[in-house]
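As a plain string of letters, each chain reads:
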Amino acid sequence: MSTITFPQGFLWGAATAAYQVEGAVAEDGRTASIWDTFSHTPGRVLDGDTGDVACDHYHRYADDVALMARLGLGAYRFSVSWPRVQPGGRGRANQRGLDFYRRLTDELLERGIEPWVTLYHWDLPQELEDAGGWPARDTAARFAEYAALVHEALGDRVRHWITLNEPWCAAFLGYAHGRHAPGGSDAAAALAACHHMLLGHGLATRAIRSADSAAVIGTTLNVQSLIAHSDSPADREALRRVDGIGNRIFLDPLLRAEYPADVATDIAHLTDLSFIHPGDLATIAAPIDFLGLNYYNPLVVAASVDGQPSAGPAWPGCADVSFIRRGFPVTHMGWEIDPAGLTALLRRVTEDYGPIPLYITENGAAYADTVDADGGVHDQDRIDYFARHLHACLEAIRAGVPLQGYFAWSLMDNFEWGWGYSRRFGLLHVDYATQRRTIKDSGHWYAEVIRRSSLQ
Ligand code: FCB
């Protein structure tokens, strides 16, 4: 086998998320999510940007699917907006909201593109937040009910389900750091949120599985690829802590039906863990068919170092930990570019948790793209990023990792959370004034990679 060719059947996709692309926030019965509230709160999002219009994907989905077909995508990973299909997060489904996703999936299937549905990409209905949000146990039950309702409407045309996107971000950036919605700053609440998201995942997985034995169900984590700054005991201890609260607190319950004991000790001053009820771990560990991993950059971890960013409030139990900047080239996010971290991540998950099928459900880079006078977007830096990370995937596959597909983040430029529209990740450039899409050079390049399933 040539070393630059991907295995037969390797899935090629691109990803988006509802709040980042759809717009139409008050249409057809949709109610507010925590991201609507958060983005409309002055000072929360750069330049006061909101997802009110975003890429207007809600109205332009058919043209967008036509562009996906031009790229040759095998799959489109998108998320369902909970308050669009179940306004307020309780009770009956909103048929008009569900119809949007039925139209979108029909369009995809007609073009031979597999729909991959993420059920929760961070847009909790505001009413559920008002009732306690993810720190409240009932939200897990509400999530399972919502998942069943979406499955009932789309299960005839969707086989692939991702319950959660990056629960670490939703729990710790949302409820402890405050950089994401709902903007909380309470570590204990974040830890409860984390458990209830996992519980919601387990309950949703069970609900879908019991209705549909053909469903292919997984979840997506931003497992961090970690590098100890040195071999010193202090740096290795810092790495253990970050790995615990960033990675093992998700991987162990999902794949081993247990929480890591060392993490429980690290956070014992914050919580008595009484939110974990008998039977929860068995629910959380409901068998899954694949694990999705999102990767952008590794983290280099050390015991506190002056002048280097400290782990801060998103990392409960990690006081006195620093993240070290190595001076590598960075993307427009300021994230260091290091494809070796992706190979290491894939190998680590496989070595420590066994050969569960893996998908890269997000990987990509932000650059300050412009449309040039010739009408093109010449983003060679993004092509280089993708090429190097796809080589990193091949290296992991060669080492025996069961990596079965790759989704570029993102299909198109979109609302990048706290950064608003200032950070562009797309294969398609979006002119937000006109909503005109332009296939970037990276999009043309990716289309060619997909066509050959090879990096040649
Ligand atoms: C991930 C999110 C995704 C996007 C990328 C850049 O954390 O899942 O929505 O914002 O980062």
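Residues numbered from 1 in each chain as written. Predicted model: local features only at pLDDT ≥ 70, side-chain atom pairs only at ≥ 80, totals over all residues. Heavy atoms only, no water.

Undergrad: Go over the site of the ligand with me, naming the residues and quoting the values.
TA: The immediate surroundings of the ligand are formed by Gln 20, His 121, Trp 122, Asn 165, Glu 166, Tyr 296, Glu 362, Trp 409, Glu 416, Trp 417 and Phe 425. Within the side chain of Trp 417, an N or O atom sits 2.9 Å from an oxygen atom of the ligand. In the shell around the ligand, the residues fall into five nonpolar, three polar and three charged. (Near = heavy atom within 4 Å. Polar contact = N/O pair within 3.5 Å; in protein donor to acceptor, adjacent residues only side chain to side chain. Nonpolar A, V, L, I, M, F, W, Y, C, P; charged D, E, K, R; others polar.)

Undergrad: Let's hear about the sheet that holds strand β9 (residues 321-323): which residues, and what values?
TA: Strands sit in the order β6-β8-β9 across an open sheet of three strands; the sheet is mixed. Edge positions in the sheet fall to β6 (226-228) and β9, since each of these pairs with one other strand and no more. On average, each strand axis in the sheet is tilted by 35° relative to the strand beside it, whichever way the strands run. Relative to β9, strand β8 (residues 299-303) is paired through three bridges, and the arrangement is antiparallel. Its bridge partner being in β9, Ala 302 is matched across the sheet by Ser 322. (Pairing = 2+ DSSP bridges. Helix = DSSP H or I, 4+ residues; strand = E, 2+ residues; numbered from the N terminus. Axes fitted to C-alpha atoms, helices over the stretch in contact; angles between N-to-C directions.)

Undergrad: Describe unusual backbone geometry, with residues and values.
TA: Residue Pro 182 is reached from Ala 181 by a cis peptide bond, and omega for that bond is 5°. Checked against the element boundaries, Pro 182 lands in the loop between α8 (167-177) and α9 (187-211). With omega at 10°, the peptide bond leading from Trp 409 into Ser 410 counts as cis. Locating Ser 410 in the fold gives a position in the loop between β11 (403-409) and β12 (428-431). Despite not being glycine, Asp 56 has its phi angle at roughly 55°, a positive value. Structurally, the position occupied by Asp 56 is in the loop between α2 (34-39) and α3 (57-71). Assessed through its relative accessible area of 12%, Asp 56 is described here as buried. Phi at Ser 453 takes a positive value of approximately 45°, unusual for a residue other than glycine. Along the chain, Ser 453 falls in the segment after α15 (441-452). On the basis of relative accessible area, Ser 453 is assigned to the buried category, the value being 17%. (Buried < 20%, exposed > 50% of the residue type's maximum accessible area, 1.4 Å probe, protein only.)

Undergrad: Mind laying out the sheet that holds strand β5 (residues 216-221), listing which residues take part and the relevant values?
TA: Judged by pairing direction, the barrel is parallel, and its eight strands sit side by side in the order β1-β2-β3-β4-β5-β7-β10-β11 before closing back on the first. Across the sheet, the axes of successive neighbouring strands diverge by a mean angle of 25°, strand direction being ignored. Across five bridges, strand β2 (residues 75-79) lies against strand β3 (residues 114-120) in parallel orientation. What sits directly across from Ser 79, in β3, is Thr 118. Together, β3, β4 (160-165) and β5 form the strand contacts of α9, whose direction differs from that of β4 by roughly 165°. (Contact = heavy atoms within 4.5 Å.)

Undergrad: Outline α15, listing residues and values.
TA: Under the 1.5 Å per step criterion, the end-to-end length of α15 is 17 Å for twelve residues, consistent within 8% with the ideal 16 Å. Of all the residues in α15, the buried ones are Ser 442, Gly 443, Tyr 446, Ala 447, Val 449 and Ile 450. One side of α15 carries all its buried residues, which in axial view fall inside an arc of 160°. Looking at the buried residues of α15, the elements they touch are β1 (11-15), α3, α14 (380-398), β11 and β13 (436-439). (Expected span 1.5 Å × (residues − 1). Arc of directions from axis to C-beta.)

Undergrad: Describe the packing of aromatic side chains, with residues and values.
TA: Under the criterion given, the structure shown has 40 aromatic pairs. Taking the centre distance of 5.3 Å and the plane angle of 55° together, the rings of Trp 116 and Phe 290 count as tilted. Within this pair, whereas Trp 116 is found in strand β3, its partner Phe 290 is found in strand β7 (residues 290-294), the two being separated by 174 residues in sequence. Note on Trp 116: relative accessible area 1%, which makes it buried. By relative accessible area, which is 1% here, Phe 290 ends up buried. (Phe/Tyr/Trp six-rings, centres within 6.5 Å; stacked < 30°, edge-to-face > 60°.)

Undergrad: Can you explain the packing of α9 against helix α10 (residues 233-256)? Please cite residues and give values.
TA: In a pair of packed helices, the angle between the axes and the distance between the axes together describe the arrangement. With their axes 11 Å apart at the nearest point, α9 and α10 run at an angle of 35° to one another. Judged by the twist between their axes, the crossing of α9 over α10 is right-handed. Contacts between α9 and α10 involve Leu 191, Cys 194, Leu 198 and His 201 from the former and Ile 245, Ile 249, Phe 250, Pro 253 and Leu 254 from the latter. (Left-handed = near helix turned anticlockwise from the far one by under 90°.)

Undergrad: Pulling in residues and values, what's your account of the side chain of Arg 424?
TA: When you line up the elements, Arg 424 lands in the loop between β11 and β12. Accessibility expressed as a relative area gives 15% for Arg 424, which makes it buried. A distance of 2.6 Å separates a polar atom in the side chain of Arg 424 from a polar atom in the side chain of Asp 413. Those residues in contact with Arg 424, other than ones at most four positions away along the chain, are Ala 365, Ala 366, Tyr 367, Asp 369, Arg 382, Asp 413, His 429, Val 430, Tyr 432 and Lys 440.

Undergrad: Give a description of the pairing of β7 that names residues and reports values.
TA: Side-chain direction in a regular strand flips from residue to residue, so the side chains alternate between the two faces of the sheet. Among the five residues of β7, five are classified as buried, and the element is accordingly described as predominantly covered. By the alternation rule, side chains of β7 split into Phe 290, Gly 292 and Asn 294 and Leu 291 and Leu 293, which are all buried. Two elements, β7 and strand β10 (residues 358-362), share four bridges in a ladder whose sense is parallel. Bridging from a neighbouring strand, Asn 294 pairs with Glu 362 of β10.

Undergrad: Summarise the pattern of salt bridges; cite the residues concerned and give the values.
TA: In this structure the tally under the stated criterion is 33 salt bridges. Arg 142 is the salt-bridge partner of Asp 138, the closest N and O atoms lying 2.8 Å from each other. You can see Asp 138 and its partner Arg 142 sitting in helix α7 (residues 138-154), four residues apart, about one turn around the helix. Note on Arg 142: relative accessible area 14%, which makes it buried. (Salt bridge = Lys/Arg side-chain N within 4 Å of Asp/Glu carboxyl O.)

Undergrad: An account of the nonpolar core is requested, with residue identities and associated values reported.
TA: Formed by 130 residues in total, the largest nonpolar core has its most connected members in Trp 35, Tyr 120, Trp 315 and Tyr 406. Of the residues forming this core, the biggest block, nine residues, is contributed by α9. Other than its neighbours up to four places away in sequence, Tyr 406 contacts Phe 10, Leu 11, Trp 12, Gly 13, Ile 360, Asn 363, Phe 386, Leu 390, Cys 393 and Tyr 446. Counting 19 residues, the second largest nonpolar core, distinct from the first, contains Ala 17, Trp 116, Tyr 385 and Trp 409. (Core = buried A, V, L, I, M, F, W, Y, C linked by side-chain atoms within 4.5 Å.)

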